[in-house]
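Coordinates in review
Okay, here's what each chain looks like letter by letter:
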Amino acid sequence: MAAARRIVIENCAIATVDADDTEYASGHVVVAGGRIESVGAGKAPEGLENVVRRIDATGHLVTPGLVNTHHHFYQWITRGLATDHNLFNWLVALYPTWARIDERMAYAAAQGSLAMMARGGVTTAMDHHYVFPKGSGDLSGAIIRAARETGVRFTLARGSMDRSEKDGGLPPDFAVETLEGALAATEATIDEYHDASFDAMTQIAVAPCSPFSVSTELLTQGAELARRKGVRLHTHGSETVEEEQFCKELFGMGPTDYFESTGWLGEDVWMAHCVHMNDSDIAAFARTKTGVAHCPSSNARLAAGIARVPDMLAAGVPVGLGVDGTASNESGELHTELRNALLINRLGAHREAALNARQALRLGTYGGAQVLGRAAEIGSLEAGKLADLVLWKLDTLAHASIADPVTALVFGAAAPVTLSLVGGEPVVENSRLLHVDEDAVARSTREEARRLARIAAQG
């Protein structure tokens, strides 16, 4: 059996984000066979065999790769629209356009979304895709193909909607599926693509869109399907005050109680946003270990509010970070969410004590791994875990006078990515993607955005 190829990274600051938040001012990481073989202070051990690459990472910080826990890739081709709307008005403005996407558009939009995240340090991406217009082609397959080509780990949360305008929902009638059709298509996606192995590159979750766009039956039967198949569950929850009012008027209870009544609380569940949570809601999430994808930029863009992240963390709720769709977070980058999570939460009740730099980094790495159910595999730099890591360049003008590297990464300007590894394989070098032509992606996403706009204008 051939010896595992090794990559040795030395002379760098290291934030492991392990249980003890172990850090090294100058240390090493050794990667062998796609996993982390060792991490520690000083130089790598002597006499290592089959070293195929040795990196002097002076001036860099090494962290686990960033983990994105909520996104809508298709929105890449509708960026910059409805910029002064709250959530419901924004949805009403954009659903008629989104309802006309097709396979070619979904593929181009996924390429753009993935490229932007990967070049900014994301090694595990996630997409919640829930718009499946009739006759639009194989949207799930197109999205997964784009992720495989980019080279990142990926969870597709196969979404669905069966409550349209005629049923009191927001999406147009032709943009939703039937209950039976949504469940069958979701199960088929799991059967074709889900990989439960330790080093899986593609996983599937069951993900009805939101309480106001799906029926109670779709939520209940979706949860049953996910647990029968052994996959995770994802949806939007408690994003706005209007959603809470909607749930109380329609179901006679708030969102958290409604979710619990449909089987949607549990350690295999994570929800996006969770902005409007009271003490009992947070206690229910903590008791059931239900996870949260915190999307600070999108929540600010849509004036949804400030999620109670410090209180969630104190209660023991698993919390990760999400970009959210690029029609409500036009930058499309997760590393900016480290900074925005810290800053926006300091506007809340806890003020300067809300979050610190290391807590923000944990949200974007280990917290995300927890939320996606992969904390045993990724999210921290520890021997035996998958070698998903990032070298951040911190010796340029942008960070020159910030002594602490973690503070520089979180509080400072966006740091260039010198190297990003996924399972020990380079995905980004010197801030450029290795497997995807960024210029070609930019051209194709512009073309598809224009095509979608023309089709939508025709009605």
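Further up the page is the structure itself.
Residues numbered from 1 in each chain as written. Predicted model: local features only at pLDDT ≥ 70, side-chain atom pairs only at ≥ 80, totals over all residues. Heavy atoms only, no water.

Moving on to the nonpolar core. Core analysis: the biggest nonpolar cluster contains 112 residues, and W90, W98, L114 and M312 have the highest contact counts within it. Sort the elements by how many residues they give to this core and helix α2 (residues 103–118) lands first, with nine residues. Ignoring anything within four residues of it in the chain, the contact list for W98 reads Y74, Q75, T78, W90, L91, Y130, V131, P133 and A327. Core analysis: the next-biggest nonpolar cluster, separate from the first, contains 16 residues, I9, I55, A57 and L421 among them. (Core = buried A, V, L, I, M, F, W, Y, C linked by side-chain atoms within 4.5 Å. Buried < 20%, exposed > 50% of the residue type's maximum accessible area, 1.4 Å probe, protein only. Helix = DSSP H or I, 4+ residues; strand = E, 2+ residues; numbered from the N terminus. Contact = heavy atoms within 4.5 Å.)

Given a rise of 1.5 Å per residue, 16 residues ought to cover 22 Å, and the 22 Å separating the end C-alpha atoms of α2 matches this to within 8%. Burial of α2 is extensive: 13 of the 16 residues sit out of reach of the surface. Capping the start of α2 is the job of one residue whose side-chain oxygen sits 3.3 Å from the backbone nitrogen of R104: D102. (Expected span 1.5 Å × (residues − 1). Polar contact = N/O pair within 3.5 Å; in protein donor to acceptor, adjacent residues only side chain to side chain.)

Viewed as axis vectors pointing N to C, helix α4 (residues 179–193) and helix α5 (residues 216–229) meet at an angle of 20°, and their least axial separation amounts to 11 Å. Accordingly, the angle class assigned to the pair α4 and α5 is roughly parallel. Handedness of the crossing formed by α4 with α5: right-handed. Residues L179, A182, L183, T186, E187, I190 and D191 of α4 form the contact with α5, whose own contacting residues are E217, L218, Q221, G222, L225, R228 and K229. (Axes fitted to C-alpha atoms, helices over the stretch in contact; angles between N-to-C directions. Parallel < 35°, antiparallel > 145°, perpendicular 65-115°, else oblique. Left-handed = near helix turned anticlockwise from the far one by under 90°.)

In this section: the packing of aromatic side chains. Enumeration according to the criterion identifies ten aromatic pairs in this entry. Ring centres of W90 and W98 lie 5.2 Å apart, and the angle between their planes is 75°; this geometry places the pair in the edge-to-face category. Aromatic ring contacts, followed pair by pair, group F88, F212, F246, F251, Y258 and F259 into a single cluster. Here the guanidinium or amino end of R79 rests over the ring plane of W76, the centre of that ring lying 3.8 Å away. (Phe/Tyr/Trp six-rings, centres within 6.5 Å; stacked < 30°, edge-to-face > 60°. Lys NZ or Arg CZ within 6 Å of the ring centre and 35° of its normal.)

From the geometry alone we can't say anything about function, so treat these as descriptive.
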